[in-house]
Amino acid sequence: MAVPKRKQSQSRRDKRRSSTWKLDAPAMVKCPHCGDYKLAHRVCSACGYYDGKEVVKVD
């Protein structure tokens, strides 16, 4: 069974743990119809258009 030869310092331990939990920001793109920002590959919540066609009626 593998056993560490020396105790790992708290800073080395915390540096290793710090980078794994961070999340990336979602990819936001401009809607070609209204110019509002939306999530990629989703219907625009401002105008209801997707792929150049009106999918959802927005009042």
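Residues numbered from 1 in each chain as written. Predicted model: local features only at pLDDT ≥ 70, side-chain atom pairs only at ≥ 80, totals over all residues. Heavy atoms only, no water.

All right, on to the overall build of the chain then. Within the chain one finds one helix and four strands. Scanning the chain from its N terminus toward the C terminus, one meets helices and strands in the order α-β-β-β-β. Over its C-alpha atoms the chain spans a radius of gyration of 23 Å, topping by over 25% the 10 Å that the globule rule assigns to 59 residues. Expressed as lengths along the three principal axes of its C-alpha atoms, the size of the chain is roughly 65 × 25 × 15 Å. Within the chain, residue pairs in contact and separated by at least 24 positions form 0% of the contacts whose partners lie at least 6 positions apart. About 5,800 Å² of surface is accessible on the chain, with carbon and sulfur atoms providing 53% of the total. (Helix = DSSP H or I, 4+ residues; strand = E, 2+ residues; numbered from the N terminus. Rg over C-alpha atoms; globule rule 2.2 N^0.38 Å. Contact = heavy atoms within 4.5 Å. Areas by Shrake-Rupley, 256 points an atom, 1.4 Å probe, with all protein chains shown as cover.)

Once that is clear, we can look at unusual backbone geometry. Not every positive phi belongs to a glycine, and H41 is a case in point at roughly 60 degrees. Inspection of the secondary structure assignment puts H41 in the loop between β2 (37-39) and β3 (49-50). Assessed through its relative accessible area of 70%, H41 is described here as exposed. One non-glycine residue, D51, lies in the positive phi region at around 60 degrees. (Buried < 20%, exposed > 50% of the residue type's maximum accessible area, 1.4 Å probe, protein only.)

Here the focus is a nonpolar patch on the surface. There is a patch of nonpolar side chains on the surface, built from V43, Y50, V55, V56 and V58 and spanning about 380 Å² of accessible area. Secondary-structure assignment places V56 in the segment after β4 (53-54). (Patch = residues over 30% accessible without salt bridge, like charges linked within 9 Å, V, L, I, M, F, W, Y side chains within 5 Å. Salt bridge = Lys/Arg side-chain N within 4 Å of Asp/Glu carboxyl O.)

Here the focus is the pattern of salt bridges. Where side chains of opposite charge bring their charged atoms close, a pairing between them can arise. Applying the stated criterion to the full structure yields two salt bridges. Among the ionic pairs, R13 bridges to D14, the shortest N-O distance being 3.0 Å. A residue is classified by how much of its surface remains accessible, and R13, at 29% relative accessible area, is partly exposed. For D51, the salt bridge is made with K53, and the minimal N-O distance between the two is 4.0 Å. The class of D51 is exposed, set by a relative accessible area of 62%. We classify K53 as exposed; its relative accessible area is 53%.

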